[in-house]
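# Examining the three-dimensional arrangement
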Amino acid sequence: MAGPFRLVDRVIEVIPGERIVALKNVSLNEPYLAGHFPGMPIVPGVLICESLAQAGAILLERSAGASGPVELAGLDAVRFRRPVWPGDQIRLEVELQTRRGAVWKMRGRALVDGEVVADGVLRLRDA
C-alpha cells in the first residue's frame, strides 16, 4: 500500500484469507499530531481505525477473492480504550469473519505494549 496517507509501517504476518498482523510506529513528527489537540499530541481515534482498515485492505489484497481496490464501507462497535502517544508502536491485528457479496466483515484490534487501545468491527468493500 503506497501513498501519502500510509498508516501501516510494517507487515509482521499474513495468513491469506484469515488474518494479518502489522505495525504502525507513532513519531512526534506525524503531521496530524500538531493540530488534533494542541499541546496534547494523541493519535486521533479515526486514524487508528484507518490504520486497521489499511491493514485489512492489505490482507484482502494478499488473499484470494479481492478483485479490485478496497475501500472502507463501515465501522461497528468501535471502542477506544486509552490514548496513543508519540513513541508508541501500535500492533494492528485484523481477522476476516465473513463475506457478503463485495463486503468483507473483519474484527480489528489495535494494541500498544500488549494492551488493547481500540477494537471493533470493520467492513471493507472490494470495489
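Below is a summary of the structure that appears in this document.

## What to know about the pairing of strand 2 (residues 19-25)
In the case of a regular strand, side chains alternate between the two sheet surfaces. Counting buried residues along strand 2, 5 of its 7 residues qualify, which places the element largely inside the surrounding structure. For strand 1 (residues 10-15) and strand 2, the ladder comprises 5 bridges, and the chain directions are antiparallel. In the strand pairing of strand 2, arginine 10 is matched with leucine 23. Connecting the antiparallel pair strand 1 and strand 2 is a turn made up of 3 residues, with glycine 17 showing a positive phi of about 80°. By the bridge criterion, 7 bridges tie strand 2 to strand 4 (residues 89-100) in an arrangement that is antiparallel. When the sheet's bridge partners are listed, asparagine 25 is paired in strand 4 with glutamine 89.

## Concerning the nonpolar core
Among the nonpolar cores identified, the biggest contains 29 residues, and Val43, Val84, Ile90, Leu92, Met106 and Ala110 are the most heavily contacted of them. Going through the elements one at a time, strand 2, helix 2 (45-61), strand 4, strand 5 (103-112) and strand 6 (115-126) are the ones with two or more residues in this core. The element that contributes the greatest number of residues to this core is helix 2, accounting for 8 residues. Excluding its chain neighbours within four sequence positions, the residues that come into contact with valine 84 are Val26, Pro41, Ile42, Val43, Ile48, Ile90, Val112 and Val117.

## Focus: a nonpolar patch on the surface
On the surface, Phe37, Met40 and Trp85 cluster together to form a nonpolar patch covering roughly 280 Å² of accessible area. On the secondary structure map, methionine 40 appears in the loop between helix 1 (33-36) and helix 2.

## With respect to the side chain of serine 51
By secondary structure assignment, the location of serine 51 is in helix 2. On the accessibility criterion, serine 51 (3% relative accessible area) is buried. Excluding anything up to four places from it in sequence, serine 51 contacts Leu7, Val8, Lys24 and Leu92.

## Examining the pattern of salt bridges
Overall, the coordinates contain 10 salt bridges when judged by the stated rule. When the shortest N-O distance is used, the salt bridge between glutamate 71 and arginine 125 registers 2.8 Å. Of this pair, glutamate 71 sits in strand 3 (residues 70-80) while arginine 125 sits in strand 6; the two residues are 54 residues apart in sequence, bridging distant segments of the chain. A salt bridge links aspartate 76 to arginine 123; its shortest N-O distance comes to 2.8 Å. Linking aspartate 76 in strand 3 with arginine 123 in strand 6, this pair joins segments that are 47 residues apart in sequence. Residue arginine 123 is classed as partly exposed on the basis of its relative accessible area of 29%. When salt bridges with common partners are traced through the structure, they connect Asp9, Lys24 and Glu30 into a single cluster.

## Topic: the sheet that holds strand 5
One open sheet holds the 6 strands; their spatial order is 1-2-4-5-6-3, and the pairing between them is antiparallel. A single partner strand is all that each edge strand has here, and the edge strands are strand 1 and strand 3. With strand direction ignored, the average angle separating the axes of adjacent strands in the sheet is 20°. The sheet strands contacting helix 2 are strand 1, strand 2, strand 3, strand 4, strand 5 and strand 6, and the helix crosses strand 4 at an angle near 60°.

Conventions used here
Residues numbered from 1 in each chain as written. Predicted model: local features only at pLDDT ≥ 70, side-chain atom pairs only at ≥ 80, totals over all residues. Heavy atoms only, no water. Buried < 20%, exposed > 50% of the residue type's maximum accessible area, 1.4 Å probe, protein only. Helix = DSSP H or I, 4+ residues; strand = E, 2+ residues; numbered from the N terminus. Pairing = 2+ DSSP bridges. Core = buried A, V, L, I, M, F, W, Y, C linked by side-chain atoms within 4.5 Å. Contact = heavy atoms within 4.5 Å. Patch = residues over 30% accessible without salt bridge, like charges linked within 9 Å, V, L, I, M, F, W, Y side chains within 5 Å. Areas by Shrake-Rupley, 256 points an atom, 1.4 Å probe, with all protein chains shown as cover. Salt bridge = Lys/Arg side-chain N within 4 Å of Asp/Glu carboxyl O. Axes fitted to C-alpha atoms, helices over the stretch in contact; angles between N-to-C directions.

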